[in-house]
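So the chains spell out like this:
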Amino acid sequence: MAYTTIDDPSAHFQTKLWTGNDTSQSITNDGNSNLKPDWIWAKKRSANDAHNLVDTSRGLTNYIFSNVNNGDTTDSSKVQSMDANGFSVGASNSWNDNNVTYVAWQWKANGGTTTTNDASSTSVGTIDSVYQANTTAGFSIVTYTGTGSNGSVAHGLGAKPNVILLKDRAGFSWVVYHDKVASDPATDYLEFNGTIAATDYAAHFNDTEPTSTVFSLGTDGAVNGSSRNVIAYCFAEKKGYSKFGSYTGTNDADGAFVYTGFKPAWLMVKRTADATRAWVIHDNTQDPDNPTANRLDANTNEGNQSSGHFDFLSNGFKCRSTEGA
């Protein structure tokens, strides 16, 4: 097993399954450690509905959706509280419809405690930001208000982010930075709520890679519109805990093996050169045995599909399908 400073990954990330009861209930995590989440990404498994994303930086009544370009939607009937080891839900049918099955992927940031970066006084970045960072696990939630001019934003990780998911909170499509999308990754982007191929566009990241303190922005309205509020979820790779990479498919059910150095718990894959392929998600809670069978796509509202299988192995994952995504 790869050396890691994280003794128990379940202290920082967990997946939880539950069945709705149409009233209210507390959802308790099952990991070795208690986890009070700061970011929950929830999805109906047995029915079609939007992916619901909520976090403790925007507040528990504000929701965005990975599969559409809508801005924040306010709803007080969904998550009622983040609890010491899980969360509680109300009667909302997006989270608790009777006899419907659900999955929630949960990440810990900093318990809702944020740091405000006044860029003019700290000289860190040029755009003010508010972030809560889990530097141990390499995850931060950042909010900022765009300026419409090239600039940079403090992310709080203390390490260079490998992946950044950005969303204008009043509209526009998601914008994704991934450091393996191209040899010069800051020139390209992906779109979370769509299927576009990796696309060269300087106005998103100003053709400038992130650093251990900031990520850079161009002038595009989706990431830096003047007076526009934006949320960014930032991830920095941590040995033995998280891995961000790329691989080349073989069109073979005895397919590519991808080394991570640990057994994956959650996997998301996007085909970067194809403008028709989905963002495929698998996890080891819906599928504790190989091959994984329950697939969800981040860019659609569909429930579980059974395609695009993988084996989760002790040191990585292996493709077990010829599915094109």
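Predicted, not measured: the structure shown is a model, and the values here were computed from it. In this convention, every chain numbers its residues from 1, walking through the sequence in written order. For this predicted model, a pLDDT threshold of at least 70 governs which residues receive local features, and a threshold of 80 or more governs which side-chain atom pairs are given and counted, while totals over whole chains, interfaces and linings are taken from all residues. The side-chain figures draw on all heavy atoms in the structure; neither hydrogens nor water molecules are used.

J.: What should I look at first to understand the overall build of the chain in this one?
T.: If you tally the helices and strands in the chain, you get three helices and 25 strands. The globule rule used for comparison is 2.2 Å times the number of residues to the exponent 0.38, while the radius of gyration itself is calculated over C-alpha atoms. Scaling as 2.2 N^0.38, a compact globule of 325 residues should have a C-alpha radius of gyration of about 20 Å, and the chain matches this with 19 Å. Over its C-alpha atoms, taken along the principal directions, the chain stretches across nearly 50 × 45 × 40 Å. Accessible area is worked out with a 1.4 Å probe on protein chains only. A residue is then buried under 20% of its type maximum, exposed over 50%, and partly exposed in between. Across the 325 residues in the chain, those meeting the buried criterion constitute 54%. Put simply, DSSP marks the helices as runs of H or I at least four residues long and the strands as runs of E at least two long, and each gets a number from the N terminus on.

J.: How should the nonpolar core be read in this particular structure?
T.: Burial of nonpolar side chains together is a common tendency in soluble globular proteins. Ranked by internal contacts, the top residues of the largest apolar core, which has 29 residues, are W39, W41, L165, Y233 and F235. Elements that contribute at least two residues to this core include exactly β3 (39–44), β9 (101–107), β12 (139–145), β14 (163–168), β19 (229–235) and β22 (279–283). Put simply, a nonpolar core is a bunch of buried Ala, Val, Leu, Ile, Met, Phe, Trp, Tyr and Cys residues held in one set by side-chain atoms that sit within 4.5 Å of each other. With 23 residues, the next largest nonpolar core counts A133, I164, Y189 and C234 among its residues.

J.: Before we go on, may I ask you to explain the sheet that holds strand β7 (residues 79–83) in this structure?
T.: Pairing between the strands of a sheet comes from backbone hydrogen bonds, and it takes one of two forms, parallel or antiparallel. Two strands qualify as a pair provided DSSP detects at least 2 bridges between them. The strand order β2-β8-β7 describes an open sheet built from three strands, whose pairing is antiparallel. Unpaired on one side and paired on the other, β2 (25–28) and β7 mark the two borders of the sheet. Averaged over all adjacent pairs, the angle separating strand axes in this sheet is 20°, with direction ignored. Taken together, the four bridges between β7 and strand β8 (residues 86–89) define a ladder with antiparallel strand orientation. From the neighbouring strand, D83 faces β8, where its bridge partner is G86. Each axis is a line fitted through C-alpha atoms, and for a helix only the stretch in contact is used; angles between axes span 0 to 180 degrees, taken between their N-to-C directions.

J.: How should the sheet that holds strand β24 (residues 310–313) be read in this particular structure?
T.: Read across the sheet, three strands follow the order β20-β25-β24 without closing on themselves; strand pairing throughout is antiparallel. Two strands lie at the open edges of the sheet, namely β20 (257–259) and β24, each paired on one side alone. Pairwise comparison of adjacent strand axes, ignoring direction, gives a mean angle of 15° for this sheet.

J.: Before we go on, may I ask you to explain the pairing of β9 in this structure?
T.: On a regular strand, each side chain points to the face opposite its neighbour's, so the side chains alternate between the two faces of the sheet. Among the seven residues of β9, six are classified as buried, and the element is accordingly described as predominantly covered. Of the strand pairs in this sheet, strand β1 (residues 13–19) and β9 are connected by seven bridges, and their pairing is antiparallel. The residue of β9 that forms the bridge with W18 is Y102.

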